[in-house]
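Survey of secondary and tertiary structure
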Amino acid sequence: MIAPDEPFLHAIPKRWIPREMTIAPVLDHAEPRGFIERRYALLINPFYPKDANASFGKHVLTPTLALSSFVATTPARWRVEYWDENLLEGRPPFQPLPHVVGITVHLTFARRAFELADWYRARGSKVIFGGLHVLSSPDECAPHADALALGDGVQLWPRILRDVEWDSLQPRYVATYENDYCDDPSPRRSILPRRSFLTTTSLIATRGCHNRCGFCYLATDGLRMPYRMRHPQQVVDEFKADDQPYAVFIDNNLGSRRDYLHQLCAALRPLNKIWSAAVTIDVTDDPSLIRNMALAGCTGVFIGFESLSDDNLADSHKKTPKTSDYARRVRILHDYGIQVNGSFVLGFDHDRKDVFARTAEWIEENRLECSTFHILTPYPATPLFRQMEEQGRILHRDWTLYDTGHAVFQPKHMSPEELEQGYAWIYQRLFSHASIWRRRPEDWQAIPLYIAMSYLYKRSNRFWHLLIKHHLVNPVWKPLVEMTRWRHVHYRRRLAQREMAVGAPGQVVSAGV
């Protein structure tokens, strides 16, 4: 048992982090204005500082789909380039200067987005902003851009480029998310640097979520995102076309419509590939769906448990089973060979200083293979931000620190400093040798791969820095991914054969993955 005060008995040592993962590349303001290449668009994912407590690897598991989706809707007469500052290749290109610079803007890297925008605009490029922060804080973003794309940028991007060509660019473009999702083109993944990500096959089959938690960005004012689904065959075709053994579904909640997920699993099953996805824990209401997910290649799920307190979840308006039933539901996933990455938010109003020890103990008892932690963060234009602002609990508006790794509000039952110390402690606890071993799979055959992946992901930040910098993420991870795929394909065959033998689903054989 972990003592409730253990996180506060000693100062938590600061973790190593290289300078280039904390400070953005320098922009030379003395650089003269150069030649602007017409019909050349540069799409930028801006730099953001990394959290030394978490794994650096989480930033390069899979690329964002937004920018590659814009590329797919770009007219053929335009040349397009993709630049992700977080791949540690330095500042974005500027020789020649792009005609148009598209920048995705999120809260924590808004300041960097503004710096980039101001630099390119000073040299004659047209800058277009899109992203959630543009939607939540358009008046803050507008002075730094020539145009704002509010809403679904995939619909807006071709119109924006047309208006640039005709010298008729408007200051704001607006689109809803209520179109038929099946009409959206597939992202053009050929523009992505394949060696820099664990997999470039980031897929999205659905849009939206049946929950509207008060702390979630989906609760942002003005954001209405109805649940939309793509045809399963479209998803399968994208998976096959990218020719990768592993895909990550970046849907907010792939399991919101269980009938759809059953259909998707049936379509994915013949591929003999593996995948992971974010779902809510109530997906385990239907054990046959978990079985079908396993047979279709699901090796892991990301689950937002958020809290082990029913009161916290009720306050957040999250529809979820009772926390006392979480352990049984995790066991259902494990029984079908599906690993669990649990996400937890720390600092809710019913959290006291024992929340860190209790959460860590529960994770170890239930052998969650991975866990992700976030300090509760009131994003602008969400119900949580308005509530805390009314209560006078917002400490500042330095958006760079609204990264879920800093306390930006006054917690009810601890100090901001104690909340940050507990956050650092729980990461170090769960990344420790002892905790990794305590959470090992029950099947001994699964232990070697689990240990290899755990140490590479959780205890190799110095190594991750080199992998990212030298474009080695995919080459180093690929053998582990392929071994996992091979083991899971054999497991699925055993599972299917055993259930055929007994004549009904429900008899579980260990996955060993």
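Below is a short write-up of the structure.

Section: the overall build of the protein chain
- Assigned secondary structure in the protein chain consists of 17 helices and 14 strands.
- Compactness check: the protein chain gives a C-alpha radius of gyration of 23 Å against a globular reference of 24 Å for 513 residues, within 12% of the reference.
- Along the first, second and third principal axes, the C-alpha atoms of the protein chain reach 70 × 50 × 40 Å.
- Counting only residues that meet the buried cut, the protein chain has 59% of its 513 residues in that class.
- Put simply, of all contacts in the protein chain between residues at least 6 apart along the chain, 75% involve residues at least 24 apart.

Thoughts on the pattern of salt bridges
- Evaluated as defined, the whole model comprises 31 salt bridges.
- Taking the shortest distance from any N to any O, the salt bridge between Lys469 and Glu20 comes out at 3.2 Å. With Lys469 in helix H16 (residues 461-469) and Glu20 in the segment before strand E1 (36-45), the pair connects residues that are 449 residues apart, well separated along the chain.
- Taking the shortest distance from any N to any O, the salt bridge between Glu165 and Arg39 comes out at 2.5 Å. Of the two residues, Glu165 sits in helix H5 (residues 153-165) while Arg39 sits in strand E1, which places them 126 residues apart along the sequence.
- By relative accessible area, Arg39 is classed as partly exposed at 35%.

Let's talk about the packing of aromatic side chains
- Scanning the entire structure with this criterion turns up 19 aromatic pairs.
- For the pair Phe305 and Tyr326, a centre-to-centre distance of 5.1 Å together with 55 degrees between the ring planes defines the contact as tilted. You can see Phe305 sitting in strand E12 (residues 298-306) and its partner Tyr326 sitting in helix H10 (residues 326-335), a full 21 residues away along the chain. For the pair Phe305 and Tyr326, one class covers both residues: buried.
- Put simply, the rings of Phe305, Tyr326, Phe344, Trp362, Phe373, Tyr423, Tyr427 and Phe431 touch in pairs and so form one group of aromatic residues.
- Above the plane of the ring of Tyr48 lies Lys50, whose end atom (NZ or CZ) is 4.2 Å from the centre.
- The cationic tip of Arg462 hangs over the ring face of Trp16; the distance from NZ or CZ to the ring centre is 4.3 Å.

Quick notes on the sheet that holds strand E11 (residues 274-279)
- The 6 strands lie next to each other as E7-E10-E11-E12-E13-E14, forming an open sheet whose pairing is parallel. Unpaired on one side and paired on the other, strand E7 (202-203) and strand E14 (370-375) mark the two borders of the sheet.
- Helix H11 (residues 355-365) rests against E12, strand E13 (339-346) and E14 of the sheet, and its axis sits at about 175 degrees to E13.

Focus: the environment of Thr206
- Tracing the chain through its elements places Thr206 in strand E8 (residues 206-207).
- On a C-alpha basis, the gap between Thr206 and Ala3 in space is 42 Å, while along the polypeptide they are 203 residues apart.

Observations concerning the side chain of Ser454
- Of note, Ser454 is situated in helix H15 (residues 447-458).
- Exposure remark for Ser454: the relative accessible area of 3% places this residue in the buried category.
- Among the polar contacts made by the side chain of Ser454, one reaches the main-chain carbonyl oxygen of Tyr450 at a distance of 2.8 Å.
- For Ser454, the residues in contact, after removing those within four places along its chain, are Ile436 and Arg459.

Thoughts on the sheet that holds strand E2 (residues 79-84)
- Taken together, 6 strands build an open sheet; the order of strands is E2-E1-E3-E4-E5-E6 and the sheet is parallel. At either margin of the open sheet sits one strand with a lone partner, and together these are E2 and strand E6 (172-175). Taking the axes of each pair of neighbouring strands and ignoring which way they run, one obtains an average angle of 20 degrees across the sheet.
- As paired elements, E1 and strand E3 (residues 97-104) share 6 bridges and run parallel to each other. Within E3, the position partnered with Ala41 by the bridge is Val100.

A few points about the pairing of E13
- Along E13, 7 of the 8 residues are buried, which leaves the element largely enclosed by surrounding structure.
- Relative to E14, E13 runs parallel, the two sharing 6 bridges. By the bridge assignment for E14, Ser343 is matched with Thr372.
- Note on the crossover from E13 through H11 to E14: the handedness is right-handed.

As for the environment of Leu161
- Mapped onto the elements, Leu161 comes out in helix H5.
- Every residue in contact with Leu161, bar those within four places of it in the chain, is listed here: Thr74, Pro75, Trp78 and Val100.

About the criteria used
Residues numbered from 1 in each chain as written. Predicted model: local features only at pLDDT ≥ 70, side-chain atom pairs only at ≥ 80, totals over all residues. Heavy atoms only, no water. Helix = DSSP H or I, 4+ residues; strand = E, 2+ residues; numbered from the N terminus. Rg over C-alpha atoms; globule rule 2.2 N^0.38 Å. Buried < 20%, exposed > 50% of the residue type's maximum accessible area, 1.4 Å probe, protein only. Contact = heavy atoms within 4.5 Å. Salt bridge = Lys/Arg side-chain N within 4 Å of Asp/Glu carboxyl O. Phe/Tyr/Trp six-rings, centres within 6.5 Å; stacked < 30°, edge-to-face > 60°. Lys NZ or Arg CZ within 6 Å of the ring centre and 35° of its normal. Pairing = 2+ DSSP bridges. Axes fitted to C-alpha atoms, helices over the stretch in contact; angles between N-to-C directions. Polar contact = N/O pair within 3.5 Å; in protein donor to acceptor, adjacent residues only side chain to side chain. Right-handed = clockwise from strand over helix to strand, strands pointing away.

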